[in-house]
Amino acid sequence: MDGLTGTTGQASQTGNHRCETATRLVEEDESTSKGRLTFGTQFIAMLKKIDTALIVDCFKKAKQSPRKRSHFNLHEKLEAPVQRLCIAFVEGTYVRPHRHPASNKWELLIAVQDSSLLVIFDENGGISEHFELSPNGPMSAIEIPPNTWHTIFPADKESVVME
């Protein structure tokens, strides 16, 4: 797939030109671009990757944390309207049941590594549903509507989710 044009198979002439231009800009501006590609006056920010090295680092931090979890934020500021983060959980973590009452505060959880258990509660604190999220299982992601009481924890010793 051509990452700049979204086409598959044989890249279009425009796609090839964009790739060649991007490559040339990276090569020409490598010492000054600080991880950004320049197209005229636009900047394309550096890619943020969730890879094995990051996950290993998150698990290391989670094991050292009193809360037994760690976050890697992809959003730039805590005030960002959409917050995206990678969360590593290790055995012994406790995520207090919580909800997000604002009408625009839904959550999307995506399993990245190992299995996590998501528990949904009713208004009286009783368990109404539970789900196992696993990258290779029957359910790998779930969207939680606003104002829904929930908690999450690793199904075994550790897990990673994207929120």
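This text goes with the structure placed above it.
Reading the values: the criteria
One numbering rule holds for all chains: residues counted from 1, following each sequence as written. Where totals are concerned, whole chains, interfaces and linings use all residues; where local detail is concerned, this predicted model gives features only for residues with pLDDT of at least 70, and gives and counts side-chain atom pairs only at 80 or more. In computing side-chain values, all of the structure's heavy atoms are included and hydrogens and water are not. By definition, a salt bridge exists where a carboxyl oxygen of Asp or Glu is found within 4 Å of a side-chain nitrogen of Lys or Arg. In this description a helix means any DSSP run of H or I spanning at least four residues, a strand means any run of E spanning at least two, and both kinds are numbered starting from the N terminus. Remark: exposure states derive from per-residue accessible area (1.4 Å probe, protein chains only) relative to the maximum for the residue type, with buried under 20%, exposed over 50%, and partly exposed in between. By definition, two strands form a pair when at least two bridges between them are found by DSSP.

Novice: Provide a residue-level description of the pattern of salt bridges, including the pertinent values.
Specialist: Using the criterion set out here, one finds five salt bridges in the structure. Linking Glu123 and Arg99 is a salt bridge whose minimum nitrogen-to-oxygen distance equals 3.3 Å. Taken together, the positions of Glu123 in the loop between strand E6 (116-121) and strand E7 (127-133) and Arg99 in the loop between strand E4 (85-90) and strand E5 (107-113) put the pair 24 residues apart, joining distant regions of the chain. The exposure class of Glu123 is exposed, given its relative accessible area of 56%.

Novice: If you had to explain the pairing of E4 to someone new, which residues and values would you point to?
Specialist: With six of six residues buried, E4 lies mostly within the body of the structure. In the sheet, strand E3 (residues 69-73) pairs with E4 via five bridges, with the strands oriented antiparallel. Note on E4: the bridge partner recorded for Phe72 is Cys86. Where E4 meets strand E10 (residues 158-162), five bridges bridge the pair, whose relative direction is antiparallel. Its bridge partner lying in E10, Val90 is registered against Glu158.

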